[in-house]
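Structure assessment
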Amino acid sequence: MLLKNATLATMCRGTPYGLIPNGVILIEDGLIRWVGPEKDLPAGLDLAAGEDLEGRLITPAPIDCHTHIVHGGDRAGEFEMRLEGASYEEVARAGGGIVSTVTATRETPEDELLSGALRRADALIAEGVSVIEVKSGYGLDVETETKMLRAARRIADLRPVRVKTSFLGAHAVTTEYKGRNADYIRDICLPALDLAAAEGLVDAVDGFCEGIAFSVEEIEPMLARARQLGLPVKLHAEQLSNTGGTRLAAAYGALSADHVEYATAEDARALAASGSVAVLLPGAFYTLHETQLPPIGAFRENGVPMALATDCNPGSSPLASILLAMNMGCTLFRMTPEEALAGVTRNAAKALGLDDTGIIAPGLRADLAIWDAAQPAELSYRIGFNPLHRRIFGGEG
Ligand code: DI6
Ligand code: FE
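Right, let's walk through the structure included here. Please read all numbers here as calculations on a predicted model, not as lab measurements.

Before going further, it helps to examine the pairing of strand β11 (residues 256-259). Direction of pairing for strand β10 (residues 234-237) relative to β11: parallel, over a ladder of four bridges. Looking across to β11, one finds that H236 is bridged to D258. The β-α-β motif built from β10, the intervening helix α8 (residues 245-251) and the parallel element β11 has right-handed crossover chirality. Across three bridges, β11 lies against strand β12 (residues 277-280) in parallel orientation. Along β12, the bridge assignment pairs A257 with A278. Where the polypeptide runs from β11 across helix α9 (residues 265-274) and back to β12, its parallel neighbour, the crossover connection is right-handed.

This is the structure we're talking about:
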């Protein structure tokens, strides 16, 4: 496959967007073989046979590096109650909150979890997404955590997309373990992780480090077990308050620390030292009416790579649009459109430990998005408009 007459935002470093006007991409065996300006085309390549993209923009296919798209039920009723004035406690007493999603997820058979997740995955794929990270964390028992991860894996059997799974057993505790977080980690979380990892269901280990969830001391055994199992880690950290999750993540060489609204400049330096990505989730910021902005300036100054993702989940971020996440990154977090695009391509790949995708370069997978757009800023600029012209996944499409 030879694509010609396109504007390429390769996202390779050096120039803004790694832009190549009037570019050509040669794809062979699912991989990018050659990329460059038409004038540099190697001898022997017959451009006449190429497909004329009429000046359209090509970017690396977006990657959604933080989602919870496998879950039972929804929380629309809770959303409505809160907007009618119910307090968080009243919602919880009426059976709402994260525990209601746990109940629904336990009750939902794996096939139905899968079909619900496919609807959300399809919305992402329609915007060109080629890799979706999917977390467990609405089971909170051994059986349901593994059921969620099996459903997540099956998405990639049924759709042209890659799935990376994260074990998020340490997400919340159910009533029987209320006030006994450490017991929950020992009795449920660690055995569930061991089992899921043995079944090959886990690509990374995640945890929710927060005042309303787990302390750094409670989470650390999960990271230590991940290390024993040879699995990379990431953490939900500093979302609602600063409890030290970012520094713990950095100490374990985490792939990423996610949310990080309440992270400090010192936390940013820790992430820079460990080479971890800051994954920013403006959908949750927006839904929760948060006002504390993540320390974007400190991330920039320290060279911390920033990724952007949907956090698609039924409670704090019912968002299944990577393009809207990019727009929110720019409008709410004041990221530049170039940072937003790097956030869903190069840096999202890094947040998942993927080195075969995320930029347009020879030898990498041909996972590309072709847009009805003339310049990359258009992807972040419009709201509720999908300019995807075509998606190429592993050289197909
Ligand atoms: N942070 C979040 O924003 C979600 N999980 C997490 O650790 C919330 C998930 C939910 O409300 O269902
Ligand atoms: Fe999340």
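We now examine the sheet that holds β12. The strand order β6-β7-β8-β9-β10-β11-β12-β13 describes an open sheet built from eight strands, whose pairing is parallel. Looking at which strands have only one partner, the edges of the open sheet turn out to be β6 (63-64) and β13 (306-308). Relative to strand β8 (residues 162-170), strand β7 (residues 131-135) is paired through five bridges, and the arrangement is parallel. Each residue of the ladder has a partner; that of E133, found in β8, is K164. Here helix α6 (residues 181-198) sits on the sheet and contacts β8 and β9 (204-209); the angle it forms with β8, its principal contact strand, is near 160 degrees.

This paragraph deals with the coordination of the iron ion (ligand 2). Of the protein atoms, only H66 (NE2), H68 (NE2), H236 (NE2) and D311 (OD) coordinate the iron ion (ligand 2), at distances of 2.1 to 2.3 Å. Here the iron ion (ligand 2) binds four donor atoms, and the angle range of 82 to 166 degrees at the metal identifies the geometry as irregular. Sequence spacing of the donors to the iron ion (ligand 2): H-x1-H-x167-H-x74-D. Linking H68 in the loop between β6 and α1 (76-83) with D311 in the loop between β13 and α12 (322-331), this pair joins segments that are 243 residues apart in sequence. This pair shows no difference in class: H68 is buried, exactly as D311 is.

What follows is about the pattern of salt bridges. Throughout the structure, instances matching the rule amount to 24 salt bridges. Put simply, R186 and D187 hold a salt bridge, and the shortest N to O gap is 3.0 Å. We note a salt bridge from E378 to R382, for which the minimum N-O separation is 3.2 Å. Take R382: its relative accessible area is 34%, and that puts it in the partly exposed class. One network of salt bridges, with partners in common, ties together E110, D111, R150, R154 and E199.

Relative to the assigned elements, G329 resides in helix α12. On the accessibility criterion, G329 (0% relative accessible area) is buried. Sequence separation between G329 and P314 is 15 residues, and the spatial gap between their C-alpha atoms is 20 Å. Setting aside residues no more than four positions away along its own chain, G329 makes contact with P282, L308, R334 and M335.

For the rest of this paragraph, the subject is the packing of helix α5 (residues 142-158) against α6. At a closest axis distance of 9 Å, the pairing of α5 and α6 adopts a crossing angle of 40 degrees. In terms of their interaxial angle, α5 and α6 are classed as oblique. The handedness of the crossing between α5 and α6 is right-handed. Contact with α5, carried on its side by V142, T146 and L149, involves I188, A192, L195 and A196 of α6 and no other residues of that element.

With that settled, the discussion passes to the packing of aromatic side chains. Counting across every chain of the model gives three aromatic pairs. Connected via pairs of aromatic rings, a cluster forms that spans Y177, Y184 and F214. The ring of F393 has R365 lying over it, and the distance from NZ or CZ to the ring centre is 4.9 Å.

This part takes up α6. An ideal rise of 1.5 Å per residue puts 26 Å on 18 residues; α6 measures up with 24 Å between its terminal C-alpha atoms. Along its length, α6 reaches its greatest deviation from straightness, about 30 degrees, at C189, and the proline P191 lies no more than four positions downstream. Regarding α6, the residues found buried are N181, Y184, I185, I188, C189, L190, A192, L193 and A196. Contact partners of the buried residues in α6: α5, β8, β9 and α7 (216-229).

To continue, consider the environment of E51. Considering the arrangement of structural elements, one finds E51 in strand β4 (residues 51-52). Linking E51 and A123, residues 72 residues apart in sequence, is a C-alpha distance of 27 Å. With sequence-adjacent residues up to four places away left out, E51 is seen in contact with L2, L3, K4 and R390. At 2.5 Å, the side chain of E51 and the side chain of R390 are in polar contact.

Further remarks concern helix α4 (residues 110-125). The end-to-end C-alpha separation of α4 is 21 Å, in line with the 22 Å expected for 16 residues at 1.5 Å each. Those residues of α4 that sit buried are E110, L113, L114, G116, A117, L118, R120, A121, L124 and I125. Structurally, α4 contributes buried residues whose contacts are with β6, α3 (98-107), β7, α5, α12 and β15 (388-392).

The rules behind these values
- Residues numbered from 1 in each chain as written.
- Chains lettered and ligands numbered in written order.
- Predicted model: local features only at pLDDT ≥ 70, side-chain atom pairs only at ≥ 80, totals over all residues.
- Heavy atoms only, no water.
- Pairing = 2+ DSSP bridges.
- Helix = DSSP H or I, 4+ residues; strand = E, 2+ residues; numbered from the N terminus.
- Right-handed = clockwise from strand over helix to strand, strands pointing away.
- Contact = heavy atoms within 4.5 Å.
- Axes fitted to C-alpha atoms, helices over the stretch in contact; angles between N-to-C directions.
- Donors = N, O, S within 2.8 Å, 3.2 Å for Na, K, Ca; no water.
- Tetrahedral: all angles 85-135°; square planar, octahedral: opposite > 155°, others 65-115°.
- Buried < 20%, exposed > 50% of the residue type's maximum accessible area, 1.4 Å probe, protein only.
- Salt bridge = Lys/Arg side-chain N within 4 Å of Asp/Glu carboxyl O.
- Parallel < 35°, antiparallel > 145°, perpendicular 65-115°, else oblique.
- Left-handed = near helix turned anticlockwise from the far one by under 90°.
- Phe/Tyr/Trp six-rings, centres within 6.5 Å; stacked < 30°, edge-to-face > 60°.
- Lys NZ or Arg CZ within 6 Å of the ring centre and 35° of its normal.
- Expected span 1.5 Å × (residues − 1).
- Bend = angle between axes of the 7 residues up to and from the residue.
- Polar contact = N/O pair within 3.5 Å; in protein donor to acceptor, adjacent residues only side chain to side chain.

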